[in-house]
Amino acid sequence: MTTQVQPKLIIHGGAGSSLQGKGGVEKVRQLLHQIVEEVYTMLLAGASAKSAVVRGCQLLEDESRFNAGTGSVLQSDGQIRMSASLMDGATQSFSGVINVSRVKNPIDLAQFLQDASDRVLSDYGAAELVRELKVPCYDALTDTRLQEWIQERQDNFQRTMAGVVAEPELAESSNAGRGTIGVVALDTNGNVAAGTSTGGKGFERIGRVSDSAMPAGNYATSHAGVSCTGIGEDIIDECLAPRIVIRVSDGMSLKEAMEKSLREAGESKRDLGAIALDSKGAIAWGKTSDVLLAAFHDGSKIGDTLELPGGTLTGCI
Ligand code: GLY
């Protein structure tokens, strides 16, 4: 009989500039902790890391404050185009969709594509898949995101990206943000999976491809899994998720791999964050941005990273 492993879970709702006001922090904390609770219960009941990751991503996509699924930011032409990916460490297979519109949960398409021979589909191909699967048409637009875009249009798109969390008091912030959601899980069989989903940077050119549907932003093997958030171009330039995972596969501890990779990213003035766990049960996070909206379950309690000092920082438990 195989020995049961203590499940572990870490999730994020983006990284970016300081959350304004305690009200914002407490609301985000409550949302993240609730989702950790629900997904961790699934893992305890024996769900696979892959299905726990999909469920976690669905819940985060459905929460309109985060920039993925419902509440996704608008691109420069006022349209929502979402990207999501899933990587199962047990089979080391990556799948995803790039710039898909009018679906509620892009992560569901990434899940479907896990078993397909063509595993990453972009806009037209993703739309064809949505049609073939008869996925109901869904409008992910929220009033806050629409107002944010209208404001930016009036200001001639001076900001390079949208706010990390959609809240009236936070959307007024002139600081840029970097929204994405992600989940990394370790199941009772010792398997790791990672999933990431995003509406993109917001106000970007049509056709811009996010890191969230690339291995650079979402990667898992039998050793470790990572989901990234932040400026996609910075994450791609660092090739951050595989950089951390491969260091672990090559024998470095998760703590050292996160520290080294984030130190390098900080030195290169990147603006990003990452969550990770390994097959031995270590949980880690790192950021170069002001805040990282992450929460985790270590087997005995829920913790989060919402009120850390700004700048490059990593942690591991
Ligand atoms: N990390 C999300 C994006 O840049 O699209």
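Data block above holds the structure.
A short tour of the structure in this document, coming up. Going along each chain's sequence as written, the residues are numbered from 1 onward. It should be noted that, the model being predicted, local features are given only for residues of pLDDT at least 70 and side-chain atom pairs only at 80 or more, the latter also being counted only at that level, while totals for whole chains, interfaces and linings use all residues. With hydrogens and water excluded, all non-hydrogen atoms of the structure serve as input to the side-chain values.

Section: the environment of Thr 180
Then, number 1: A run of H or I in DSSP becomes a helix once it reaches four residues, and a run of E becomes a strand once it reaches two; helices and strands are each numbered from the N terminus. Relative to the helices and strands, Thr 180 resides in the loop between strand 5 (177–178) and strand 6 (181–186).
Then, number 2: Each C-alpha atom of the pair Thr 180 and Ser 253 lies 26 Å from the other, and the pair is 73 residues apart in sequence.
Then, number 3: For this analysis, residues touch if any pair of their heavy atoms sits within 4.5 Å. When sequence neighbours within four positions are dropped, the list of residues in contact with Thr 180 reads His 12, Gly 13, Gly 14, Asn 67, Thr 196, Ser 197, Thr 198, Ser 212, Cys 228, Thr 229 and Gly 230.
Then, number 4: Only 3.5 Å separates the side chain of Thr 180 from the side chain of Thr 198, close enough to count as a polar contact. Definition of a polar contact: a pair of N or O atoms within 3.5 Å, with one able to donate and the other able to accept a hydrogen when the atoms are protein atoms, and with sequence-neighbouring residues admitted only if both atoms are side-chain atoms.

Some thoughts on the packing of helix 2 (residues 49–62) against helix 3 (residues 106–113)
Then, number 1: Axis angles are defined between N-to-C directions and span 0 to 180 degrees, where every axis is a line fitted to C-alpha atoms and, for a helix, only to the segment in contact. Viewed as axis vectors pointing N to C, helix 2 and helix 3 meet at an angle of 160 degrees, and their least axial separation amounts to 8 Å. Considering their axes alone, helix 2 and helix 3 lie roughly antiparallel with respect to each other. For the pair helix 2 and helix 3, the contacting residues are Val 54, Cys 57, Gln 58 and Glu 61 in the first and Pro 106, Ile 107, Asp 108 and Gln 111 in the second. Small angles under 35 degrees read as roughly parallel and large ones over 145 as roughly antiparallel, with 65 to 115 read as roughly perpendicular and the rest as oblique.

Concerning the pairing of strand 9 (residues 224–230)
Then, number 1: Burial runs high along strand 9: seven of the seven residues are buried.
Then, number 2: Partly exposed residues are those whose accessible area sits between 20% and 50% of the maximum for their type, while under 20% is buried and over 50% is exposed, using a 1.4 Å probe and protein chains only. Neither face of strand 9 is exposed, since Ala 224, Val 226, Cys 228 and Gly 230 on one face and Gly 225, Ser 227 and Thr 229 on the opposite face are all buried.
Then, number 3: Strands qualify as paired when DSSP identifies two bridges or more between them. In this structure, strand 8 (residues 218–220) lies alongside strand 9, joined through three bridges in antiparallel fashion. Considered in strand 9, the bridge of Ala 220 is made with Gly 225.
Then, number 4: Counted along the chain from strand 8 to the antiparallel partner strand 9, the turn is three residues long.

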